[in-house]
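Understanding the architecture of this molecule
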Amino acid sequence: MTDNAATPARVTGAVHPGDTAYQDLSVRGLNKRFTATPEVFHVVTSTEDVVRVVRDAVANGRRIAVRSGGHGYENVAGDPAVRVVVDLGELRGVSFDEERKAFAVEPGARLADVYRTLYEGWGVTIPAGDSATVGLGGHVVGGGFGSLSRAEGMAADHLLAVEVVVVDASGEVRAVVATRDPEDPHHDLWWAHTGGGGGNFGIVTRYWFRSPGATGDDPRTALPRPPATMLAGTVLFNRDALDRAAFRTLVANYGSWHEANSAPDSAGASLFGGLVLLGRPREGGDASMGAVGFAHVDGERPDAARLLDDYIAHLTAGLGDFPAVLPTETLPWLDAKKALAQSQDAEIGRQKVKSAFLRRGYDEAEADTLYDYLDSGEHGHDTSLVALQSYGGRVNAVAPDATASAQRGSVIQVFLMNTWQDPADDAAGVDWMRRLFRDLYAKSGGVPVPGEDHEGCYINFPDTDMADPEWNTSGVPWEDLYYLGNAARLRGIKAKWDPRGVFRHALSPRADD
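Conventions we followed
- Residues numbered from 1 in each chain as written.
- Predicted model: local features only at pLDDT ≥ 70, side-chain atom pairs only at ≥ 80, totals over all residues.
- Heavy atoms only, no water.
- Helix = DSSP H or I, 4+ residues; strand = E, 2+ residues; numbered from the N terminus.
- Rg over C-alpha atoms; globule rule 2.2 N^0.38 Å.
- Contact = heavy atoms within 4.5 Å.
- Areas by Shrake-Rupley, 256 points an atom, 1.4 Å probe, with all protein chains shown as cover.
- Lys, Arg positive; Asp, Glu negative; His and termini not counted.
- Charge placed at Lys NZ, Arg CZ, Asp CG, Glu CD.
- Pairing = 2+ DSSP bridges.
- Buried < 20%, exposed > 50% of the residue type's maximum accessible area, 1.4 Å probe, protein only.
- Arc of directions from axis to C-beta.
- Domains from an automatic or database assignment.
- Buried area = accessible area lost by both parts, 1.4 Å probe.
- Salt bridge = Lys/Arg side-chain N within 4 Å of Asp/Glu carboxyl O.
- Polar contact = N/O pair within 3.5 Å; in protein donor to acceptor, adjacent residues only side chain to side chain.
- Nonpolar A, V, L, I, M, F, W, Y, C, P; charged D, E, K, R; others polar.
- Axes fitted to C-alpha atoms, helices over the stretch in contact; angles between N-to-C directions.
- Parallel < 35°, antiparallel > 145°, perpendicular 65-115°, else oblique.
- Left-handed = near helix turned anticlockwise from the far one by under 90°.
- Expected span 1.5 Å × (residues − 1).

Okay, the overall build of the protein next. Scanning the protein from terminus to terminus reveals 13 helices and 17 strands. The C-alpha atoms of the protein give 22 Å as radius of gyration, which agrees with the globular expectation for 513 residues (24 Å, within 12%). Counting only C-alpha atoms and orienting by the principal axes, one finds that the protein spans roughly 70 × 55 × 45 Å. Counting only contacts in the protein whose residues sit at least 6 apart along the sequence, the fraction spanning at least 24 positions is 74%. Approximately 19,400 Å² of the protein is accessible, and the part contributed by carbon and sulfur atoms is 50%. One way to put it: in the protein the 49 positive side-chain charges average out to a point 4 Å from where the 71 negative ones average out.

Once that is clear, we can look at the pairing of strand E5 (residues 94–97). Inspection of the sheet shows E5 paired to strand E6 (residues 102–105) by four bridges, in the antiparallel sense. Paired with Val94 across the bridge in E6 is Val105. Between E5 and the antiparallel strand that follows it, E6, lie four residues; Lys101 among them carries a positive phi value of about 55 degrees.

To continue, consider helix H13 (residues 487–497). Those residues of H13 lying buried are Ala487, Leu490, Ile493, Lys494 and Trp497. For H13, the arc enclosing every buried residue in end-on projection is 120 degrees, short of the 170-degree limit, so these residues lie on one face.

Moving on to the domain arrangement of the protein. Taken domain by domain, the protein holds domain 1 (11–226) and domain 2 (229–483). Every contact between the two is made by 42 residues of domain 1 and, on the other side, 50 residues of domain 2. Carbon and sulfur atoms supply 57% of the area that domain 1 and domain 2 bury against each other, a total of about 3,600 Å² over both sides. For the domain 1 face of the interface with domain 2, the top three residues by lost area are Tyr73, Phe145 and Arg150, together amounting to 27%. At the junction of domain 1 with domain 2, the criterion picks out three salt bridges. Between domain 1 and domain 2 we count 25 residue pairs in polar contact (both at pLDDT 80 or more) in total. Put simply, the parts of the chain that give the side of domain 1 that touches domain 2 at least two residues each are helix H3 (111–122), helix H4 (136–140), helix H5 (149–152) and helix H6 (187–192). Of the residues contributing to the side of domain 1 that touches domain 2, the split by class is 14 nonpolar, 19 polar and nine charged.

With that settled, consider the environment of Ser270. Mapped onto the elements, Ser270 comes out in the loop between helix H7 (244–260) and strand E11 (271–278). Between the C-alpha atom of Ser270 and that of Arg239, which follows or precedes it by 31 residues, the distance is 30 Å. Setting aside residues no more than four positions away along its own chain, Ser270 makes contact with His296, Val297, Asp298, Arg301 and Leu307. A distance of 2.8 Å separates a polar side-chain atom of Ser270 from the backbone oxygen of Ala267.

With that out of the way, let us pick up the packing of H7 against helix H8 (residues 304–316). Put simply, H7 and H8 touch, their axes get as near as 7 Å, and they point 140 degrees apart. Taken together, the axis directions place H7 and H8 in an arrangement best described as oblique. Between H7, through Leu250, Asn253, Tyr254, Ser256, Trp257 and His258, and H8, the contact on the second element is made entirely by Tyr311, His314, Leu315 and Thr316. Split by residue class, the contact of H7 with H8 holds five nonpolar, five polar and no charged.

Moving on: the sheet that holds E6. Taking strand neighbours across the sheet as the criterion, the five strands line up as E5-E6-E9-E7-E8 in an open arrangement whose pairing is antiparallel. Every other strand in the sheet has two partners, leaving E5 and strand E8 (173–179) as the edge strands with one partner each. Pairs of neighbouring strands in the sheet enclose a mean axial angle of 25 degrees, with direction left out of account. Where strand E7 (residues 159–167) and strand E9 (residues 203–209) come together, six bridges link them in antiparallel fashion. Each residue of the ladder has a partner; that of Ala161, found in E9, is Trp208. Packed onto the sheet, helix H2 (residues 47–59) meets E7, E8 and E9 and runs at close to 35 degrees relative to E7.

Right, let's get into the sheet that holds strand E1 (residues 14–15). Taken in spatial order, the four strands line up as E1-E2-E4-E3 in an open sheet, and their pairing is mixed. Two strands bound the open sheet, and with one partner strand each, they are E1 and strand E3 (64–67). Across the sheet, H2 is in contact with strand E2 (40–43), E3 and strand E4 (84–87); its angle to E4 comes to roughly 170 degrees.

Looking now at the packing of helix H10 (residues 364–374) against helix H11 (residues 426–440). Contact geometry for H10 and H11: axes closest at 9 Å, N-to-C directions at 165 degrees. Classified by the interaxial angle, the pair formed by H10 and H11 is roughly antiparallel. Relative to H11, the crossing made by H10 is right-handed. Between H10 and H11, the residues in contact are Glu366, Thr369, Leu370, Tyr373 and Leu374 and Trp432, Arg435, Leu436, Arg438, Asp439 and Leu440, respectively. A breakdown of the residues in the contact of H10 with H11 according to their chemical character gives six nonpolar, one polar and four charged.

In total, this model carries 40 salt bridges according to the counting rule given. Taken together, the shared-partner salt bridges connect Glu74, Lys352, Lys354, Arg434, Asp463 and Asp465 into one network.

Time to look at the side chain of Glu455. By the secondary structure assignment, Glu455 is in the loop between H11 and helix H12 (478–483). A polar contact is formed between the side chain of Glu455 and the backbone nitrogen of Gly409, at a distance of 3.1 Å. With residues near it in sequence (within four places) discarded, Glu455 still touches Phe357, Arg359, Ala406, Gln407, Arg408, Gly409, Ser410, Pro448, Pro450, Leu481 and Leu484.

This part covers the side chain of Ser262. Relative to the helices and strands, Ser262 is located in the loop between H7 and E11. A distance of 2.9 Å separates a polar atom in the side chain of Ser262 from a polar atom in the side chain of Arg150. There is a polar contact of 2.6 Å between the side chain of Ser262 and the backbone oxygen of His258. Sequence-distant contacts of Ser262, that is, excluding residues within four places in its chain, are made with Arg150, Tyr391, Gly392, Gly393 and Val411.

The end-to-end C-alpha distance of helix H9 (residues 333–344) is 17 Å, a good match for the 16 Å that 12 residues give at a rise of 1.5 Å each. Within the span of H9, buried status applies to Trp333, Leu334, Ala336, Lys337, Leu340 and Ala341. All buried residues of H9 project into a common sector of 160 degrees when viewed along the axis, lining one side. In H9, those exposed residues whose orientation departs by more than 90 degrees from the buried face are Gln342 and Ser343. Lining the buried residues of H9 we find H3, strand E10 (229–238), strand E12 (289–298) and strand E14 (329–332).

Below, the structure written as C-alpha cells:
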C-alpha cells in the first residue's frame, strides 16, 4: 500500500458530516470540552471492518483515532489532525471461548454490561473499574482497577490474550492475536496492552480473560468469583465543621490506615474505601458537604463487620461527633457495583482531570494545599473534587515489569477533577486545576515524581500537562511518570508493531531512534 491512493470508499457504517448520526457521534465523548469533527466516523461491527477501515486510511494518508466508550479525558478523537475516528462502541460481545477456555470480551462492551453478563451467566467477574459506562477497550489496556482490585489485582492481571489490528512498515494491515505465553512470538504485543495505554500500538478488537493459575474447563473457575454480598458504609462530613484542623486530621487518618493495611495478604485488602474531598461550589450551589467517605467490604468474611467498623473508627478518629456515620448496608455484589457507578458517573460536563499514585498518605502541608484550593469558591466550576481511592493489596503482589502497569508499590490512587458547563469558564477551570496540582507537588517540580512518596500518574487518566515543561518542571519525562521503568520497553514495542506511527496521540510512547 502507498500513501497517495485514491479517495477513500464510502462503506457501511461510515458516518460523514451532514449524516443524521454525525452530530451525536461528534459530541459522544465524556469530556464536553472536546468535540470530534473528522471527515468520517466508522462505526465498526467486526474485526474485518477494522482491518478494512485502517487499510483504507493508511493507503490515503489519513490520521486515525480510536475510541470505545468515549471516556477519554484528553482530546484524542477531537484532535484537528484526525480525519478518521474508528468507533468501537458497537463491538459489545461477551462470551466464553471454549477453545481458549477464556472469556472473550469485545472493546465496546461497557463495564456494567460486562459485570452483569459474567456474574449472572457464570458467577465470575474481572476486577476492573467502577464506572458503568466506561468501554472495556481503553480501560484494560491502561491496566484497569476498581473496587475488587485490592483483593484480586488489576483487570490486566487476568488478561490471557488480545486481538489487535496492526500496521507494519510496508503499510500492510492485519489482525494479530498476542498471548500471555512467554513463548508466543507476539508476547510483547500482549504485554504492551497490560498498561501501555489506549490507541498506542494498534486497535484492540477482542480481549480474552482467564486468571493466571486457573485450571480445568469450567467457566465458573476461569475468573475470580466476587463476594455474594458486600457491607457498605458511608460517612458524611459537614463543610462548616470540616475546618483546616479537622481536614488535616481526616486526610491523615485516611492515609495512615492505608499505609498499615495494604499488604497483598492483609485482611484490609478485602476493603475498598474512598474519601471524596469536595470543593466549595460557586455561589448558589449546595456547599453543605465538605467530604464523603465510603467503604465496601467482602460480606462473606466472618470479620467483615469488625473490619468496616474499625475502618470507620480510624477514619473519624479525633474528629469528635460531627461526622455523620450512616447505617451499614448489606448489598448483593452487583448492586454494590451499581451504587459505586451511580456516584462516580454523576459528573458530566466540561472537565480537567489529573491523577497520582501515593506510596504514603498526604502530609500536613499537602493537606493544607488541598484545603486552600477546595475551600475557595472563586474559580469557575460547578463541582470540583479530589478523590482518594484504595490501592495496593493484590495489585502490589505483581512485579512492576510483569505487565506494563508499573505502579505496584502504591497504597492510594488519587483522582482530581474540575467540572463546569459554560465554555466561557474553560480557561479559569483548567487554570485552577493546573495550579492546584502544581502547588500540591511543589516539592517535586509540580508532578508526583516516582520515589519514596509518590509513584507517578495513571495513564487511564491522561493529562497532557505532564508533557508540558510549564507545568512539569521536575525534569522527569512524562513517559516515566506514567510508565516508570517500563517506558523504554514500550518504546521498543512501539517501533516494532507501529513503525509508521499510525496509532498516536499526545501521550503515545515514541519509538526508539
